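Now for the letters of each chain:
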Amino acid sequence: MAHCFQAEDADLAPKYVQKTNQVTQKIISELLTLTTMKDIANHNNVSSSTVVNVLNESVTLSSFTLHDSLPEHLCFDEVRTNDTQLSFICIDAVKHTLVALLAGKSSYDIEKFFNSFSLAQRARVKMVTTDLNAYYSSVAERLFPNTEIIIDCFHIIKMINQAFNHKRVKKMKLFTKPSVEYNLFKCHWRLFLLDPAKLDNEHPHYRRQLKCSMTDAQIVSEALELSEELLLSHNVIHKLHRAIICNDVLTLARCLRAFKQSFKQVSVQKAQWTKKHGGAYPKNIKNIDNNHLIQTLNTLTTDKNLAHVLNAANPKFAKYSNGRLKESTVKSSYLDALVLACPISPT
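Please read these numbers as outputs of a predicted model, since none were measured by experiment.

Asks: Which parts of the structure should I look at to understand the overall build of the protein?
Replies: Looking only at helices and strands, one finds 16 helices and 7 strands in the protein. When each of the 347 residues of the protein is scored for burial, the buried share is 41%. A separation threshold of at least 6 residues defines the contact pool for the protein, and within that pool the share at least 24 residues apart is 59%. In the structure as shown, the protein presents an accessible area of about 20,100 Å², 53% of it carried by carbon and sulfur atoms.

This is the structure:
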């Protein structure tokens, strides 16, 4: 009968653990570089899942911060810390350093963490930049009594662009696949999102999909001539783009409030129609309900969001953005936590 024996040495490896402490430390040291997890696994003759386990075991995200006191300007967002879990992250909007990295992103998790700071410290926070997450702004207002909430301009423009792209794709699918009309909308979609004033209108290039030479401006113009509704939407999104990018609060407010007033009138018409005819709306009202751009603008102009959205174009807040909460920043923040939680001994 065969028997297996395993030497026990706490300095070499913990009990019942197959990898040595030296291998673990080497994996951690390589995690601090731009090396992929697969390459790290190959270098150390372990599986990729072992590398992931070392990372997860080395740092606990239950409540992590690099600050003893709170900065005046904060950015809220969430990041994916593994394949399935989204975690809350907060950084200093000025220095771009990590303030908090929490395992969860619920309002309970966030309030529990920030309530560990005194009310005097929380009262120092003057500004929180966030996305349109349903509870981030409410939580920030409860936690920080003197704060201004700014909906990050990147998220606003992203929402508007996605709504326009939904309309563009819907129009594109009305044409057969190999047709010139289909390719106008399909192959040059990025041009629709560029500032019309900056589109090249002087240097035509041969477009293989369109089988002719056209400038960028001509492509957009010919495509929009095929749909009056898309042309109107194109004008709306770029008016909003320019107002946000140029920090023109008055224009942004005028556009959003005009839309809000129009939407209220439509809501009144819908109520009157329902009262008179029941719930079967006519086609023009159904089209409004299914219009993603209208739904997006309605979200931006709710009583809760409008003031925060207008702050995005306020010159006073122009330099503050969630733009730093990108993958590189998230990775460095996560690894900062790793370094502090598990210092590396020289090998």
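There is more to say, and it comes next.
Asks: Before we go on, may I ask you to explain the confidence of the model for the protein in this structure?
Replies: The predicted coordinates should not be examined in detail at positions where pLDDT is low. Per-residue confidence for the protein averages 78 on the pLDDT scale, and 73% of its residues sit at or above 70. The secondary-structure element of the protein with the lowest mean pLDDT is helix H16 (residues 327–341), recorded at 47, while strand E5 (residues 148–151) shows the highest, at 92. Confidence over residues 60–64 falls short of pLDDT 50; this stretch has 20 contacts with residues more than four positions distant or in other chains. Between residues 338–347, whose pLDDT stays under 50, and residues either more than four places distant or in other chains, the model counts 20 contacts.

Asks: Would you take a moment to explain the nonpolar core for this structure?
Replies: Considering soluble globular proteins, one finds that nonpolar side chains tend to be buried as a cluster. Counting 50 residues, the largest nonpolar core has Ile156, Ile160, Phe192, Leu252, Leu256 and Leu297 as the members making the most contacts within it. Here this core gets 6 residues from one element, more than from any other, and that element is helix H7 (residues 153–172). For Phe192, the residues in contact, after removing those within four places along its chain, are Phe164, Arg168, Leu184, Phe185, Val220, Ala223, Leu224, His234 and His238. In terms of nonpolar packing, the next biggest core, distinct from the first, is built from 20 residues, Ala100, Leu102, Phe117 and Ala140 among them.

Asks: When you look at the sheet that holds strand E3 (residues 98–102) in this model, what are you seeing that I'm missing?
Replies: In any sheet, the strands associate via hydrogen bonds between backbone groups, in a parallel or an antiparallel arrangement. With respect to topology, 5 strands assemble into an open sheet ordered E3-E2-E1-E4-E5, the strand pairing being mixed. Either end of the sheet is taken by a strand with one partner, and the two such strands are E3 and E5. Each adjacent strand pair in this sheet contributes to an overall mean axis angle of 20°, direction not counted. Examined bridge by bridge, strand E1 (residues 73–80) and strand E4 (residues 127–130) share 3 bridges and lie parallel to one another. Looking at E4, one finds that His73 is bridged to Met127. The strands touched by helix H6 (residues 136–143) are E1, strand E2 (86–92), E4 and E5; relative to E1, the strand with the most contacts, the crossing angle is about 140°.

Criteria and cut-off values
- Numbering of residues starts from 1 in each chain and follows the order in which that chain's sequence is written.
- Per-residue local features are limited, in this predicted model, to residues with pLDDT of at least 70; the limit for side-chain atom pairs, both in listing and counting, is 80 or more; totals at the level of whole chains, interfaces and linings are taken over all residues.
- Values reported for side chains reflect all heavy atoms of the structure, with hydrogen atoms and water molecules removed beforehand.
- Strands here are runs of E lasting at least two residues and helices are runs of H or I lasting at least four, both read from the DSSP assignment and numbered beginning at the N terminus.
- Here's how the labels work: a residue is buried when its accessible area is under 20% of the maximum for its type, exposed when over 50%, partly exposed in between, all with a 1.4 Å probe on protein chains only.
- Any two residues whose heavy atoms approach within 4.5 Å at even a single point are treated as in contact.
- The accessible surface values rely on the Shrake-Rupley method and a 1.4 Å probe; as for residues, cover is taken only from the protein chains in view.
- One number per residue, pLDDT, summarises how confident the predictor is, and it ranges from 0 to 100.
- In these notes, a set of buried Ala, Val, Leu, Ile, Met, Phe, Trp, Tyr and Cys residues joined through side-chain atoms within 4.5 Å is what counts as a nonpolar core.
- DSSP calls a pair of strands paired once it identifies at least 2 bridges connecting them.
- Note on geometry: axes are lines fitted to C-alpha atoms, helical ones only across the stretch in contact, with angles between N-to-C directions running from 0 to 180 degrees.

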